[in-house]
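Now for the letters of each chain:
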Amino acid sequence: MTTSTRGAARVPAVLVLEDGRSFRGRAYGAVGETFGEAVFSTGMTGYQETLTDPSYDRQIVVATAPQIGNTGWNDEDDESSRIWVSGYVVRDPARVPSNWRAKRSLDDELVAQGVVGISGIDTRALTRHLRERGSMRAGIFSGEAIAPETELLARVQAQPHMKGASLYEEVATKEAYVVPAVGEKRFTVAAVDLGIKGMTPHRMAERGIEVHVLPATATADEIYAVEPDGVFFSNGPGDPATADGPVALMSAVLERKTPLFGICFGNQILGRALGFGTYKLKYGHRGINQPVQDRTTGKVEVTAHNHGFAVDAPLDKVSETKFGRAEVSHVCLNDDVVEGLQLLDQPAFSVQYHPEAAAGPHDAAYLFDRFVSLMEGQRA
């Protein structure tokens with residue numbers, strides 16, 4: 001990725017997709033070039049949380065909301081220490097941010113972190129194209145990086161695919177750290193960081209949990225050294241088929257019957273540990289308005305998502321696994337994608353979406369309470 005200076009609004013830019021379609025617009029953020037998988041996010045708000053979500057590593061995110069940047073950029077809503085998207089695509093960037101918490105504009109932050117973007121294109125046409133053809137490799141080129149499109153297309157097509165990409169170690173913490181419980185400490189949880197969002201341990205801390213966030217390369221011995229009441233596996237980027245290490249680690253936790261909770265990538269890891277396969281979705285689920293049904297209660301939740309892979313598990317029966325009986329607990333009402341798993345003979349469950357609500361609705365906050373209940377039951 002190359003970057004340049006501010007004042008990019010008048011600099012021409014082009015987005016090139018791997019199937020040869022291109023969109024011309026203006027540079028937004030840094031000027032230069034970047035590559036990644038083009039995906040779209042349907043959230044009407046929460047762009048700061050989206051951009052700093054490690055699960056978006058190596059992806060060019062297309063915002064379907066027509067205007068982006070109205071509330072600027074603040075110092076409170078980051079979900080990690082940096083922006084992880086490889087590029088950003090918007091239709092109509094706000095000229096002036098307006099929010100009492102804003103410290104600077106979104107454009108300024110993209111420039112400061114070297115994130116190459118493009119604005120002024122028909123994002124509705126681009127989104128329809130990705131829905132029809134599927135997420136695909138892409139490149140954004142602006143300023144001196146622009147070249148004949150045949151050359152740019154060749155460079156895009158030379159990039160690696162997301163399928164088969166192992167990315168979780170790139171985004172995970174390298175050193176363990178602790179998020180203390182808010183108020184009285186009730187439980188200790190070991191959280192395996194596969195790309196964790198900052199709000200997730202905070203939601204657990206609000207419930208009296210002291211969270212020990214461990215690197216993705218943690219061992220079972222390191223997990224149990226903190227004497228956990230429960231173990232958590234986080235969200236993260238890349239293809240779960242490459243995550244043999246986390247699968248083996250989760251299997252070790254399941255063998256000890258420690259209460260376990262996983263979200264997003266953690267859901268896919270649980271699926272693999274139980275013997276199910278995973279597969280790449282055509283264009284994935286990304287946004288904060290996805291309808292999911294909790295099959296254990298019948299309740300329908302509006303939920304926040306960011307995933308391009310899913311678990312291949314049967315919806316119509318209880319499955320026998322080496323860790324006991326398992327069933328699909330949640331399902332997406334748009335396309336019947338598996339959105340949650342639970343074991344029936346020991347305390348373990350997972351969901352494919354993001355109950356921490358950063359950004360997003362609070363419909364799924366009860367899942368953290370369900371995790372607490374599992375730990376209470378095990379302690380009793």
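Keep in mind it's a predicted model, so treat the numbers as computed, not measured. (Residues numbered from 1 in each chain as written. Predicted model: local features only at pLDDT ≥ 70, side-chain atom pairs only at ≥ 80, totals over all residues. Heavy atoms only, no water.)

1. Here we look at the pattern of salt bridges
One side chain can pair with another of opposite charge once the charged atoms of both are near each other.
Here comes step 1: Inspection of the entire model under this criterion finds 20 salt bridges.
Here comes step 2: In this structure, aspartate 369 and arginine 207 form a salt bridge, with 2.7 Å as the shortest nitrogen-oxygen distance. With aspartate 369 in helix α10 (residues 366-379) and arginine 207 in the loop between α6 (199-205) and β12 (209-214), this pair connects stretches of sequence that are 162 residues apart.
Here comes step 3: Using a relative accessible area of 38% as the deciding quantity, one classes aspartate 369 as partly exposed.
Here comes step 4: The salt bridge involving aspartate 345 is made with arginine 325; its shortest N-O contact spans 2.8 Å. Here the residue aspartate 345 occupies a position in the loop between β19 (338-343) and β20 (348-351), and arginine 325 occupies one in strand β18 (residues 324-332), the gap between them amounting to 20 residues. (Salt bridge = Lys/Arg side-chain N within 4 Å of Asp/Glu carboxyl O. Helix = DSSP H or I, 4+ residues; strand = E, 2+ residues; numbered from the N terminus. Buried < 20%, exposed > 50% of the residue type's maximum accessible area, 1.4 Å probe, protein only.)

2. Quick look at the sheet that holds strand β8 (residues 116-119)
Strand pairing in a sheet is mediated by backbone hydrogen bonds. Such pairs are either parallel or antiparallel.
Here comes step 1: Taken in spatial order, the 7 strands close into a barrel running β1-β2-β8-β6-β4-β3-β9, and their pairing is mixed. Neighbour-to-neighbour, the strand axes of this sheet turn through a mean angle of 35 degrees, independent of strand direction.
Here comes step 2: In this structure, strand β1 (residues 12-17) lies alongside strand β2 (residues 22-29), joined through 5 bridges in antiparallel fashion. Among the inter-strand pairings, valine 14 is bridged to a residue of β2, identified as arginine 24. (Pairing = 2+ DSSP bridges. Axes fitted to C-alpha atoms, helices over the stretch in contact; angles between N-to-C directions.)

3. Description of the domain arrangement of the protein chain
Here comes step 1: In terms of domains, the protein chain is made up of domain 1 (12-157) and domain 2 (168-379).
Here comes step 2: Of the residues lining the interface, 25 residues belong to domain 1; the matching set on domain 2 comes to 23 residues.
Here comes step 3: Viewed at the interface, domain 2 and domain 1 are joined by 2 salt bridges.
Here comes step 4: Where lysine 280 meets glutamate 37, a salt bridge forms, and the shortest distance between an N and an O atom there is 2.7 Å.
Here comes step 5: Taken together, the links from domain 1 to domain 2 amount to 14 residue pairs in polar contact (both at pLDDT 80 or more).
Here comes step 6: When residues of the side of domain 1 that touches domain 2 are traced back to their parent elements, those giving at least two are β3 (33-41) and α3 (123-133). (Domains from an automatic or database assignment. Contact = heavy atoms within 4.5 Å. Polar contact = N/O pair within 3.5 Å; in protein donor to acceptor, adjacent residues only side chain to side chain.)

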